[in-house]
Amino acid sequence: MERGVLQKRKRFNTAGLCIPKYHYMADVRDKVNRIIEEYVDQDEYFTISRARQYGKTTILYLLQEELKDRCVVLSISFEGKEEYFTSLQNFAEGLNISFYKTLRKTHPRLAEIFREEICRTLAMETLGDRITALCGQAGKPVILMIDKVDKAADNQVFLTFLGMLRERYLRRKVGGDATFDCVILAGVHDIKNLKMKIRPEEGQNYNSPWNISADFDVDMGLSVTEIESMLREYEEYTHAGCAQR
Ligand SMILES: Nc1ncnc2c1ncn2[C@@H]1O[C@H](COP(=O)(O)OP(=O)(O)O)[C@@H](O)[C@H]1O
Ligand SMILES: [Mg+2]
């Protein structure tokens, strides 16, 4: 083979995120389109809560790829972000940094909104003001995706943030501040039950900061047809490889 045109061979992947360019994958386009039509385009806030290895991170990535041209997508993860949860101030500052980093490459002008540290009291309110500025200036729908939300489960700081998102969600269509058009959380547990877990005496779902979320009922398991598409892809690649030799 000529120098410089050596292509990396695709492989099967069982270690987290699958990327179509590098991995043999079940074709989950129908799932992605359904999530966009039924949830994202309907401006829903929702949680994809499924066990590990269900393909949540991969679906978030595919959604982001599909949406990135017509939306501003803020895609972050709480993996390794334990220090965010030590205080409201740290959480606001942590999200501020995460938003800055995720926007810097795709929307440098919008990233400027988050460039300065927050560094003061009422940090959450300042973060809220910056979210308003972002959503007002974006000129496109703004979508927030947070993976690994279980890292934040049972955490009062995170509940406060969800409360803020809820407040803004409820008022966005009646003259409230501009805010995220869609919020997607991904994790193992259903966030709706968070408050219940912390204060069982308050009863099921009572005053849950996430009770606005739409029920997510897309089957995340891979269907036979979807798996077939992956095996077919493998077959086509290996046959093409043999023919070239
Ligand atoms: N579309 C897909 N096609 C083939 N395998 C997949 C697909 N999505 C997920 N997987 C398999 O599941 C594993 C876990 O995917 P991941 O997105 O990290 O799941 P989760 O975030 O739910 O733990 C991947 O490493 C891969 O083996
Ligand atoms: Mg994951």
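Position numbers for residues start from 1 in each chain and track the written sequence from start to end. Labels are handed out in written order, letters beginning with A for the chains and numbers beginning with 1 for the ligands. Totals for whole chains, interfaces and linings use every residue, but because this is a predicted model, local features are given only for residues with pLDDT of at least 70 and side-chain atom pairs only at 80 or more, for both listing and counting. Processing note: side-chain calculations cover all non-hydrogen atoms of the structure and skip hydrogens and water entirely.

J.: Is there a simple way to explain the overall build of the protein chain in this structure?
T.: The numbering of helices and of strands both runs from the N terminus, where a helix is a DSSP run of H or I of at least 4 residues and a strand a run of E of at least 2. In terms of regular secondary structure, the protein chain is built from eight helices and four strands. Each helix and strand of the protein chain, ordered N terminal to C terminal, gives the series α-β-α-β-α-α-α-β-α-β-α-α. Partly exposed residues are those whose accessible area sits between 20% and 50% of the maximum for their type, while under 20% is buried and over 50% is exposed, using a 1.4 Å probe and protein chains only. The buried share among the 245 residues of the protein chain stands at 44%. Should any heavy atoms of two residues lie within 4.5 Å, those residues are counted as being in contact. Across the protein chain, every contact between residues at least 6 apart in sequence was considered, and the portion connecting residues at least 24 apart equals 75%.

J.: Looking at this model, I keep getting lost on the site of ligand 1. Mind explaining?
T.: Around ligand 1 there are 18 residues in total, and Asn13, Gly16, Gln53, Lys56 and Thr58 lie nearest to it. Here a polar contact is recorded for every N or O atom pair within 3.5 Å, except that within protein the pair must consist of a potential hydrogen donor and a potential acceptor, and residues adjacent in sequence are included only if both atoms are side-chain atoms. Between Gly16 and ligand 1, the recorded distance is 2.7 Å, taken from a backbone N or O atom to an oxygen atom. Tyr54 has a polar backbone atom sitting 3.1 Å from an oxygen atom of ligand 1. Here the open area of atoms and residues is found with the Shrake-Rupley method and a 1.4 Å probe, where only the protein chains shown may cover a residue. If ligand 1 stood free it would expose 560 Å²; the protein chains cover 88% of that surface. The element that contributes the greatest number of residues to the shell around ligand 1 is helix 2 (residues 56–67), accounting for three residues. Tallied by class, the residues present in the shell around ligand 1 amount to nine nonpolar, seven polar and two charged. Note on definitions. A residue lies near a molecule or strand when any single heavy atom of the residue is within 4 Å of it. Under this grouping Gly is polar, as are all residues other than the nonpolar Ala, Val, Leu, Ile, Met, Phe, Trp, Tyr, Cys and Pro and the charged Asp, Glu, Lys and Arg.

J.: Honestly, helix 1 (residues 29–40) in this entry has me stumped. Any pointers?
T.: Because an α-helix completes one turn every 3.6 residues, residues spaced three or four positions apart along the sequence face the same direction. Of the residues making up helix 1, those classed as buried are Lys31, Val32, Ile35, Ile36, Tyr39 and Val40. The buried residues of helix 1 occupy an angular sector of 135 degrees when the element is viewed end-on, so they sit on one face. Exposed residues pointing more than 90 degrees away from the buried face of helix 1 are listed as Arg29, Asp30 and Glu37. By construction, the arc corresponds to the directions joining the helix axis to the C-beta atoms.

J.: What's the story with the sheet that holds strand 3 (residues 142–147) in this structure? I'm lost.
T.: Two modes of strand pairing occur in sheets, parallel and antiparallel, and in both the strands are linked by backbone hydrogen bonds. Any two strands with at least two DSSP-identified bridges between them are counted as paired. Taken in spatial order, the four strands line up as 1-4-3-2 in an open sheet, and their pairing is parallel. With one partner strand each, in any of the chains shown, strand 1 (45–49) and strand 2 (72–77) form the two edges of the open sheet. Neighbour-to-neighbour, the strand axes of the sheet open up by a mean angle of 15 degrees, direction not taken into account. Of the strand pairs in this sheet, strand 1 and strand 4 (residues 182–187) are connected by five bridges, and their pairing is parallel. Residue pairing in the sheet places Ile48 in a bridge with Ala186 of strand 4. Axis geometry follows a simple rule: fit a line to the C-alpha atoms, using only the stretch in contact for helices, then measure angles between N-to-C directions, giving values from 0 to 180 degrees.

J.: What is the right way to read helix 3 (residues 88–106) from this model?
T.: Helix span is expected to be 1.5 Å times the residue number reduced by one. If you check helix 3, its first and last C-alpha atoms are 28 Å apart, about what 19 residues at 1.5 Å a residue would give, namely 27 Å. Turning to helix 3, its buried residues number three or more, namely Phe91, Ala92, Glu93, Gly94, Leu95, Asn96, Ser98, Phe99, Tyr100, Thr102 and Leu103. The inward-facing, buried residues of helix 3 contact strand 2, helix 4 (108–111), helix 5 (123–137), strand 3 and helix 6 (156–171).

J.: What should I look at first to understand the side chain of Lys56 in this one?
T.: Within the element layout of this structure, Lys56 appears in helix 2. Note on charges: Lys and Arg go in the positive column, Asp and Glu in the negative column, and His and the chain ends are not counted at all. In what follows, salt bridge is the name for a side-chain nitrogen of Lys or Arg lying within 4 Å of a carboxyl oxygen of Asp or Glu. Buried and unpaired, Lys56 has Asp147 as its nearest opposite-charge partner, separated by 6.5 Å. Among the polar contacts listed, one links the side chain of Lys56 to the backbone oxygen of Ala51, at a separation of 2.8 Å. Beyond its immediate sequence surroundings of up to four residues, Lys56 is in contact with Ile48, Arg50, Ala51, Ala186, Gly187 and Met220.

J.: Got a minute to help me understand the packing of aromatic side chains in this structure?
T.: The way to describe two aromatic rings as a pair is by their centre distance and the angle between their planes. Stacked, edge-to-face and tilted are the three classes for Phe, Tyr and Trp ring pairs, Trp counted by its six-membered ring, which pair at centre distances within 6.5 Å; planes under 30 degrees apart are stacked, over 60 edge-to-face, the rest tilted. As enumerated under the stated definition, the model contains 18 aromatic pairs in all. Ring centres of Tyr24 and Tyr234 lie 5.2 Å apart, and the angle between their planes is 90 degrees; on these two criteria the pair is classed as edge-to-face. With Tyr24 in the segment before helix 1 and Tyr234 in helix 8 (residues 224–244), the pair connects residues that are 210 residues apart, well separated along the chain. Classification of Tyr234 by relative accessible area gives partly exposed; the value is 36%. For the pair Phe99 and Phe114, a centre-to-centre distance of 5.5 Å together with 85 degrees between the ring planes defines the contact as edge-to-face. Here Phe114 lies in the loop between helix 4 and helix 5 and Phe99 lies in helix 3, a separation of 15 residues in the sequence.

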